[in-house]
Every structure is written in structure tokens, then in C-alpha cells.
Amino acid sequence: MRIALLFPGQGTHTPGFLSRLPVHPAVQATLAEAGAALGAEAERLDTAEALASTAAVQLSTVIAGVAMARALAAEGTQADAVAGLSVGAFAAAVASGALTFPEALALVKLRGEAMAQAVPRGHGMTAILGLSERDARALIARVSPRAPLYLASVNGPREVVVSGPDAALELAAAEARAAGAAVRRLRLTIPSHCPLMEGVSGRLRTAIERVAVRAPRAAYVSNTRARVAGQAHEVAEDLVLNVSRTVRWHDSVTLLFELGCRVFIETPPGAVLSHLVRDSFPEARALSLEETPLAAAVTLAARA
């Protein structure tokens, strides 16, 4: 039975989540390494004030993911496959050996800062529960002539996320509710995973060309293609493009299941990804390290 590590993107963070990570030598070492690489204590990135910054949210999310992946490895739990949603892909790249931790932090810092500069305020993202991808694309086609709207992520068979300016999100929410769907505006002021972020992808491409990306040791599943990226250049391309392309998250989890993964462990913050796995594949064991003690996760993985 194979084990997959899942790394979340931004949107599930809460103040102080780094300080709530378990006390473990690997966690403490990772926080110290992050502080040295960034020139500031990592724990300062997840204060309520700091989390107003997209760059701080993304950095702290990746730090948490890498810290917990290392703690699991130190306890003997090695992942056969990794996947990260949005910025979580950088933590997945570190866990797979494709990037070093300092390389990932430098790229994520650039990514967050570039995203904050890419569009004026008045944009964001909205999750819609109860629409299929086909339904969502039809909704987008109806809204876009009035205000540009984009399909940002397909999280499940009937769960999608859309990106765009506030006016488009309001129109989409009204139409979705009229169709019987539930709508939740995400705590983000940036329209990620759509063409509005193509300039960010361009800056990332220039930066990653100076990094010696390596072929991953574990199966790295791409956000944008929902395929295993086995070569260094494939991982690099996914890290560059996932900010400006639709995330195929449900397809990625389906691929992991088809590869034989039956234990899915989600790193902090949040528990969204593990819940999505359970909804789509009830026969799998999916847990979140936000909700499950590290020792319990290690025991489950050992039994598997």
C-alpha cells in the first residue's frame, strides 16, 4: 500500500499555525533553516499582521509542509508520491528532492511578491460546491461577457474554484446559488491560477532557470497536467505555470489513487485536501496532521 503526502495551498492558514506544529527536532531544525534563509524568524510569518501579506502566507505554508514532511521521514515514514496544491507544489518539490529548501523559499518569496503586484485590489477567488466542471465552464461563459471570470481549480467532481475581479465573483456567486450550489468567498485578494498571473509565471521562469532543479526521487504529480513529472524540467515547468493555469487537483488525486496510493497524509495548515480525498475515495485512509497527532500518522503509515 503506497503513501502519498499532500501539501495545501493558501487559504486555510490561521494566525500562529507554525507555533502549533508538533515539538520535534526536524520541525525545529526546519524553522531554524527557514529563518537563516529568509533573514528573519520563521515564526514571525504567521502572525495576524504578517498573514495580511500574500508572500508571508505562501512562505509559512511551505515551511509548515516541509517541516512536517521531514518529521515524518525522521520517524520512518517515507512518501511514495507527493502532490501540492498551488504553492504547496513547492513543498512537494522539496519533499521529493527536486528542490532544496532554500531554493524553494527564494522562489516562493518571489512568487508571493510578484502576485501581490500583478493586479490592483478588487480581485479574489470563490469556491463553488455543487457544480461540475462542465457546469462551471457554462457559468463562466455566461458571466465573462460582463466581467472576466476564470476556472482556477477543479477540486472535486462537484467542487470548483473561480478567479477574477470582485464584480465577476459576485455575478458567479448569484448564478451558482440560483442553481442550488453553495458558495464561499476565499480569504484571498489575488486571482490565482488564471491568465491574470501570466506575468508572475514569466518572472518565475527567469528565476528557476538559475536553479539546478533535480529529478524527483518520489513520484511528483503535476498541478497543471495531473501527470507524474519524472524529469527535472517537468517539475520546473509545473512550478512556473501552476500560478497561471487551472489546477487539476481532483485529477491529480485520482492519479495518485490509480498509482496505488491508499494512505494520504496532509500537512498543515488545514484539512481540506484530506476531506476531498475521503469524499472521492472513501476506501482510502486520508488524514490531516492538523487534526491527527504525528505519532498516530506514523503508526498508520507503518501498518500500511
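Reading guide: rules and limits
- Residues numbered from 1 in each chain as written.
- Predicted model: local features only at pLDDT ≥ 70, side-chain atom pairs only at ≥ 80, totals over all residues.
- Heavy atoms only, no water.
- Buried < 20%, exposed > 50% of the residue type's maximum accessible area, 1.4 Å probe, protein only.
- Helix = DSSP H or I, 4+ residues; strand = E, 2+ residues; numbered from the N terminus.
- Arc of directions from axis to C-beta.
- Contact = heavy atoms within 4.5 Å.
- Pairing = 2+ DSSP bridges.
- Axes fitted to C-alpha atoms, helices over the stretch in contact; angles between N-to-C directions.
- Phe/Tyr/Trp six-rings, centres within 6.5 Å; stacked < 30°, edge-to-face > 60°.
- Polar contact = N/O pair within 3.5 Å; in protein donor to acceptor, adjacent residues only side chain to side chain.
- Core = buried A, V, L, I, M, F, W, Y, C linked by side-chain atoms within 4.5 Å.
- Expected span 1.5 Å × (residues − 1).

Draft legend 1. Focus on helix 10 (residues 272-280). Taken together, the buried positions of helix 10 are occupied by Leu273, Ser274, Leu276 and Val277. All buried residues of helix 10 project into a common sector of 155 degrees when viewed along the axis, lining one side. In this structure, the buried residues of helix 10 make contact with strand 1 (2-7), strand 4 (150-156), strand 5 (159-165), helix 9 (249-258), strand 8 (261-266) and strand 9 (285-288).

Draft legend 2. Spotlight on the sheet that holds strand 1. Strand order in the open sheet formed by five strands is 7-2-1-8-9, with parallel pairing between adjacent strands. Edge positions in the sheet fall to strand 7 (219-220) and strand 9, since each of these pairs with one other strand and no more. Relative to strand 9, strand 8 runs parallel, the two being bridged by four bridges. Considered in strand 9, the bridge of Ile265 is made with Leu287.

Draft legend 3. Local environment of the sheet that holds strand 4. With antiparallel pairing, the four strands of this open sheet are ordered in space as 4-5-3-6. Of all strands in the sheet, those with a lone pairing partner are strand 4 and strand 6 (182-185), marking the two edges. Ignoring which end each strand starts from, the neighbouring axes of this sheet average 25 degrees apart. Direction of pairing for strand 4 relative to strand 5: antiparallel, over a ladder of five bridges. From the neighbouring strand, Tyr150 faces strand 5, where its bridge partner is Ser163. Each of strand 3 (123-129), strand 5 and strand 6 is contacted by helix 6 (residues 166-178), which is oriented at about 145 degrees to strand 5, the strand it contacts most.

Draft legend 4. Region of interest: the packing of aromatic side chains. Tallied over the entire structure, the rule returns one aromatic pair. For the ring pair Phe257 and Phe281, a centre distance of 4.5 Å and an interplane angle of 15 degrees mean the geometry is stacked. Highlighted residues: Phe257 in helix 9 and Phe281 in the loop between helix 10 and strand 9, separated in sequence by 24 residues. Owing to a relative accessible area of 13%, Phe257 belongs among the buried residues under this scheme.

Draft legend 5. Highlighting the side chain of Ser96. If you trace the backbone, Ser96 turns up in helix 3 (residues 88-96). A polar contact of 3.0 Å, which involves the side chain of Ser96, links it to the backbone oxygen of Ala93. A distance of 3.5 Å separates a polar side-chain atom of Ser96 from the backbone nitrogen of Ala98. Filtering out sequence-adjacent residues up to four positions away, Ser96 remains in contact with Val82, Pro216, Arg217, Ala218 and Tyr220.

Draft legend 6. Representation of the environment of Ser132 in the model. Locating Ser132 in the fold gives a position in the loop between strand 3 and helix 5 (133-143). On the basis of relative accessibility, which here comes to 18%, the residue Ser132 falls in the buried class. Each residue touching Ser132, except ones within four places of it in the same chain, is listed here: Pro157, Arg158 and Val160. In this structure the side chain of Ser132 is engaged in a polar contact, spanning 3.1 Å, whose partner is the backbone nitrogen of Asp135.

Draft legend 7. Up close: the nonpolar core. Counting 68 residues, the largest nonpolar core has Ile63, Leu99, Tyr220 and Leu239 as the members making the most contacts within it. Per-element accounting of this core gives the leading share, eleven residues, to helix 2 (residues 54-74). Ignoring sequence-local partners within four residues, the contact set of Leu239 consists of Ala89, Phe90, Ala93, Leu99, Leu204, Ile208 and Tyr220. Formed by 21 residues, the second largest nonpolar core is a distinct cluster that contains Ala83, Val221, Trp249 and Leu273.

Draft legend 8. Structural detail: the environment of Leu186. Residue placement: Leu186 occurs in the loop between strand 6 and helix 7 (198-208). When its relative accessible area of 17% is taken as the criterion, Leu186 is described as buried. Between the alpha carbons of Leu186 and Thr246 there is a distance of 16 Å; along the sequence they are 60 residues apart.

Draft legend 9. Seen up close, helix 6. In this model helix 6 runs 18 Å from its N-terminal to its C-terminal C-alpha over 13 residues, within 8% of the 18 Å that 1.5 Å per residue would give. Of the surrounding secondary structure, the elements contacted by the buried residues of helix 6 are strand 3, helix 5, strand 5 and strand 6. Gly180 lies just past helix 6 and shows a positive phi near 90 degrees.

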